[in-house]
Amino acid sequence: MNDHQSGLTNYVFRLTEALIKQGANQAVISPGSRSTPLAYAFSESKAMQTYIHTDERSAAFYALGLVKATGQPVVLLCTSGTAASNYHPAVTEAYYARLPLIVITADRPHELREIGAPQAIDQLRMFGEHVKESVDFPIPEDRADILSYMEHRTIRLLSVAKTVPQGPVHLNVPFREPLLIDFQQQVPSGRFQQQVVGDLTLSQQMKDVLQQAMTQSQRGIVIVGEQPATVDKGLFWLFAKALQWPVLCDPLSNLRSEVPADCLDLCIDQYDALLKSEAFSEEVKVDCVIRFGPQPISKPLLLFLKKTRPETYIVVDESPNYRDPLLLTTHHLQVPAETVWQMVNSQLERTDYTTRWIQANKISSNVLTEDQHFAEDEGHFVRQFIANLPNESDVVCSSSMPIRDLDTYFRATDKDIALFCNRGTNGIDGVVSTALGIQQGRKRTTYLLIGDLAFLHDVNGLIISRLQKTNLTIVVINNNGGGIFSYLPQSSIEDHYETLFGTPTNLTFNHLAEMYEAQYEAASTVGAFETALQASKTADLRIIEVFTNRAENVEAHRSVWREIAKRVEQSEG
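Reading guide: rules and limits
- Residues numbered from 1 in each chain as written.
- Predicted model: local features only at pLDDT ≥ 70, side-chain atom pairs only at ≥ 80, totals over all residues.
- Heavy atoms only, no water.
- Pairing = 2+ DSSP bridges.
- Helix = DSSP H or I, 4+ residues; strand = E, 2+ residues; numbered from the N terminus.
- Axes fitted to C-alpha atoms, helices over the stretch in contact; angles between N-to-C directions.
- Core = buried A, V, L, I, M, F, W, Y, C linked by side-chain atoms within 4.5 Å.
- Buried < 20%, exposed > 50% of the residue type's maximum accessible area, 1.4 Å probe, protein only.
- Contact = heavy atoms within 4.5 Å.
- Phe/Tyr/Trp six-rings, centres within 6.5 Å; stacked < 30°, edge-to-face > 60°.
- Parallel < 35°, antiparallel > 145°, perpendicular 65-115°, else oblique.
- Left-handed = near helix turned anticlockwise from the far one by under 90°.
- Nonpolar A, V, L, I, M, F, W, Y, C, P; charged D, E, K, R; others polar.

Student: Explain the sheet that holds strand β3 (residues 74–78) to me, please; I cannot follow it from the model alone.
Tutor: Sheets are built from strands that pair by backbone hydrogen bonding, the pairs being arranged parallel or antiparallel. Spatially, the six strands line up as an open sheet ordered β2-β1-β3-β4-β6-β5, and their pairing is parallel. The open sheet has two free edges, formed respectively by β2 (49–52) and β5 (133–136), since each of these has just one partner strand. The mean inter-strand angle of the sheet, taken between neighbouring strand axes irrespective of direction, is 20°. With three bridges connecting them, strand β1 (residues 26–29) and β3 associate as parallel partners. By the bridge assignment for β3, valine 28 is matched with leucine 76.

This is how it looks when you write it as structure tokens:
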């Protein structure tokens, strides 16, 4: 064995060890030549779980799904050139969603850069401001100082990725040929042992701000945006029960499931529909907001807050980069949400304001249980989809109409159902791969609710179902185009709407299902859809294609919202 192979072997195994010590023990590998040494090291390590995905864009979103599922950093590895460019959409999503994705791009050695060598592009800082830090590593050498530098630099980069706000980091690692390592070589362990990080705690000043807001506000609400599936629901509802304020739970808060019976009425899951009513919005003007997590999906809620401009607006966010697209924040408490939820000193009295929210929420919920308000539209299909979800299951959805329909129709339940969506940048790419990654990471029965265009964006994500087992049911709402645009002003310009926004493809997915040996059912009625959902699953991958009409969907949704507004406005406030 020569010095080159010895140094290369020590280098990649020490790098692998450093990743594992920092909790990154899963790696998604996009096959390629230049990344061979690290691909071998990852695959050889008994502590590293590896997944192979041949499409780089889908591979990156698969890794992102694993991060969402586990809460731990996940490694993403590819060869040099445009392979790395294909990681950029998922890296961007990880940055804005605050996910510790560890991107490793293999590279040509420095002497082959920018001179016309094949598969060599400028990879230095190629992800720009969408990674927290990017480092060009040294060429592997059989030198102790190089190995020590590489080990400590890797550990520091992972520490950066895991420090709030969490986010992706980029390791660019150049390799000279030959690329083979020695699997028999004994590699000494590095010096680094452990990283210990302290916790942020609630200061007395923070407690004073909260206590004053809680006791002096007469019209206060709690807003909870996206939370991890591991959120401490019991702790939160103890806090909410003591506060006795209406709790506006985004569907991605994961607080609409496993709701304690004595807190069900406080869980306001119909705020999106309710706040479409101008009269109700005016009636429930708010003077104090305590918000956990990012701003929820609901546009009516956003407009309500923008118009009322609460006197006190407290954002609890452990990052200094607190999220506030409305620029309404009056107090930022830089602590984890759980530290506030633990602050339960006494039980407050329920106000008439809270009672009014509860009353309106019940009225809206009742409308959603009455079949006469529903045609064979997407809302009705989604309603049946939710009703048939089994306990201990996960739902992934795309960022256009599916998440908005879940916001309307996914009501508080005692079932254990977790919801996921890529809302960092609200894109529709990579959704299939994210769902497959979440299913792999959580090992639960998983459903994907997705539109036809979002599905087309990531059909290559299905490739990984040929390489490993999965348990995924994909419900494709096929309305032959971009359904969400039908709700926007663009739809009023008939001359160009279909060409620019509707974008009908006239595609169905039965042949795609056949190609991937997936179980396939088609449904054009709610009854047929329910039969398909309740049928036994006979393959790892199942696709249920639901056919709907975009124009009819818009009117059906608006009809339900009008009925809710009418009944709420007629009720006594």
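Picking up where we left off.
Student: Just to check I follow, could you spell out the nonpolar core for this structure?
Tutor: For soluble globular proteins, nonpolar side chains are generally found buried alongside one another. If you look at the biggest cluster of nonpolar residues, it comprises 91 residues, and the most contacted ones within it are Phe236, Trp237, Phe292, Leu305, Trp357 and Phe385. The element that contributes the greatest number of residues to this core is helix α13 (residues 352–368), accounting for seven residues. Contact partners of phenylalanine 236, with chain neighbours within four places excluded, come to Val222, Val224, Val247, Leu255 and Trp341. Among the nonpolar cores identified, the runner-up in size contains 50 residues, and Val74, Ala83, Val131 and Val431 belong to it.

Student: Hey, could you run me through the packing of aromatic side chains in this one?
Tutor: All told, the structure shown has twelve aromatic pairs when counted by the stated rule. Each ring, one from tyrosine 40 and one from phenylalanine 183, has its centre 5.2 Å from the other, and the planes form 80°; the classification is edge-to-face. Here tyrosine 40, found in helix α2 (residues 36–44), pairs with phenylalanine 183, found in the loop between β6 (169–174) and α7 (204–216); they are 143 residues apart in sequence, far enough to count as distant. Of the residues examined, phenylalanine 183 reaches a relative accessible area of 35% and is grouped as partly exposed.

Student: It is not clear to me how helix α15 (residues 401–409) should be interpreted in this structure. Could you clarify?
Tutor: Note that an α-helix has 3.6 residues per turn; residues three or four places apart therefore point the same way. With eight of nine residues buried, α15 is to be regarded as a mostly interior element. Residues Met401, Pro402, Ile403, Asp405, Leu406, Asp407, Thr408 and Tyr409 constitute the buried set of α15.

Student: Could you clarify how one ought to interpret unusual backbone geometry in this entry?
Tutor: Trans peptide bonds make up most of the peptide bonds, and negative phi angles are found at most residues other than glycine. That bond from valine 164 to proline 165 is cis: its omega, -5°, falls within 30 degrees of zero. A cis amide bond, omega 0°, links glutamate 177 with the succeeding residue proline 178. Looking at where proline 178 falls in the secondary structure, it is placed in the loop between β6 and α7. Positive phi, normally seen in glycine, also occurs at arginine 309, with a value near 45°. Looking at where arginine 309 falls in the secondary structure, it is placed in the loop between α11 (299–308) and β11 (312–316).

Student: Explanation requested: the packing of α13 against helix α21 (residues 550–570) in the structure shown.
Tutor: Remark: α13 packs on α21, axes separated minimally by 9 Å, with the N-to-C direction vectors making an angle of 140°. The angle between the axes of α13 and α21 places the two elements in the oblique class. The element α13 and its partner α21 pack so that their crossing is right-handed. On α21, the residues touching Arg356, Ala360, Ile363, Ser364, Val367 and Leu368 of α13 are Val560, Glu563, Ile564, Arg567 and Val568. Taken together, the residues of the contact of α13 with α21 break down into seven nonpolar, one polar and three charged.

Student: When you look at the pairing of strand β4 (residues 101–107) in this model, what are you seeing that I'm missing?
Tutor: Counting buried residues in β4 gives seven out of seven residues, a clear majority hidden from the surface. Both faces of β4 are covered, namely the face carrying Leu101, Val103, Thr105 and Asp107 and the face carrying Ile102, Ile104 and Ala106. As paired strands, β3 and β4 are joined by five bridges and run parallel to one another. Each bridged residue has a counterpart across the sheet, and for valine 74 the counterpart in β4 is leucine 101.

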